[in-house]
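Residues per chain are reported as follows:
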Amino acid sequence: MAPRSPFPPYDEQTALQKVQAAEDAWNTRDPERVALAYTEDSVWRNRDRFLTGREEIVAFLREKWSRELDYALRKELWGFLGDRIAVRFQYECRDAAGQWWRSYGNELWEFSADGLMRRREASINDVRITEAERRIFGPRPAAERGVTFPVW
């Protein structure tokens with residue numbers, strides 16, 4: 001496993017870097033690339049699903065992005081302490097029928113000493129939106145990095 005800087009313990013600057021790196025990776029919608037940020041035995045809770053290890057993470061992400069079309073994500077640092085970071089996030093996507101969704105959530109992250117995430121717990125709620133209500137269009141532009149994204 002290749003280490004992933006920045007490494008814990010996190011301060012505000014390094015926690016912000018970690019959150020932006022996660023947002024950037026997830027916006028690629030590349031399961032193999034995203035999974036490299038997690039330990040080989042990483043443990044996840046995503047909504048009502050429980051996963052262990054990179055293979056399960058890759059399979060989960062492939063399935064997720066096969067049904068969550070035009071997925072675009074924003075993450076925001078909520079708090080940090082030592083080897084843990086809390087984030088809030090929003091993403092938008094559409095389903096195969098063309099219905100748009102905005103999903104709101106919170107994640108708790110725990111990292112190993114080499115900067116890989118060993119635990120991720122995500123709670124997520126979905127809201128139907130119209131295409132006209134969309135606010136997230138692709139990856140975050142450079143000018144918006146570090147800018148708080150409004151909840152609604």
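Residues numbered from 1 in each chain as written. Predicted model: local features only at pLDDT ≥ 70, side-chain atom pairs only at ≥ 80, totals over all residues. Heavy atoms only, no water.

**Some remarks on the packing of aromatic side chains**
Each aromatic ring pair is described using two quantities: the centre-to-centre distance and the angle formed by the ring planes.
Here is step 1: Taken as a whole and assessed by the stated rule, the structure comprises nine aromatic pairs.
Here is step 2: Look at Y38 and W44: their rings are 5.1 Å apart centre to centre, the planes differ by 70°, and that puts the pair in the edge-to-face class. In terms of burial, Y38 and W44 fall into one category: buried.
Here is step 3: Between W65 and Y71, the ring centres sit 5.5 Å apart and the planes meet at 65°, which makes this aromatic pair edge-to-face.
Here is step 4: Taking relative accessible area as the criterion, Y71 reaches 3% and is therefore assigned buried.
Here is step 5: Among the aromatic side chains, those forming a connected cluster through ring pairs are W26, Y38, W44, F60, W65, Y71, F89 and Y91.
Here is step 6: Stacked on the ring of F89, the Lys or Arg K75 has its end atom at 5.0 Å from the ring centre. (Phe/Tyr/Trp six-rings, centres within 6.5 Å; stacked < 30°, edge-to-face > 60°. Buried < 20%, exposed > 50% of the residue type's maximum accessible area, 1.4 Å probe, protein only. Lys NZ or Arg CZ within 6 Å of the ring centre and 35° of its normal.)

**Notes on the nonpolar core**
Here is step 1: Counting 29 residues, the largest nonpolar core has W26, W44, L61, I85 and W109 as its most contacted members.
Here is step 2: Breaking this core down by element, the ones donating at least two residues are helix 1 (12–26), helix 2 (31–35), strand 1 (38–46), helix 3 (54–67), strand 3 (69–81), strand 4 (84–94), strand 5 (100–111) and strand 6 (117–129).
Here is step 3: The residues touching I85, leaving out its near neighbours within four places in the chain, are Y10, A15, K18, V19, L77, G79, F80, E107, L108, W109 and F111. (Core = buried A, V, L, I, M, F, W, Y, C linked by side-chain atoms within 4.5 Å. Helix = DSSP H or I, 4+ residues; strand = E, 2+ residues; numbered from the N terminus. Contact = heavy atoms within 4.5 Å.)

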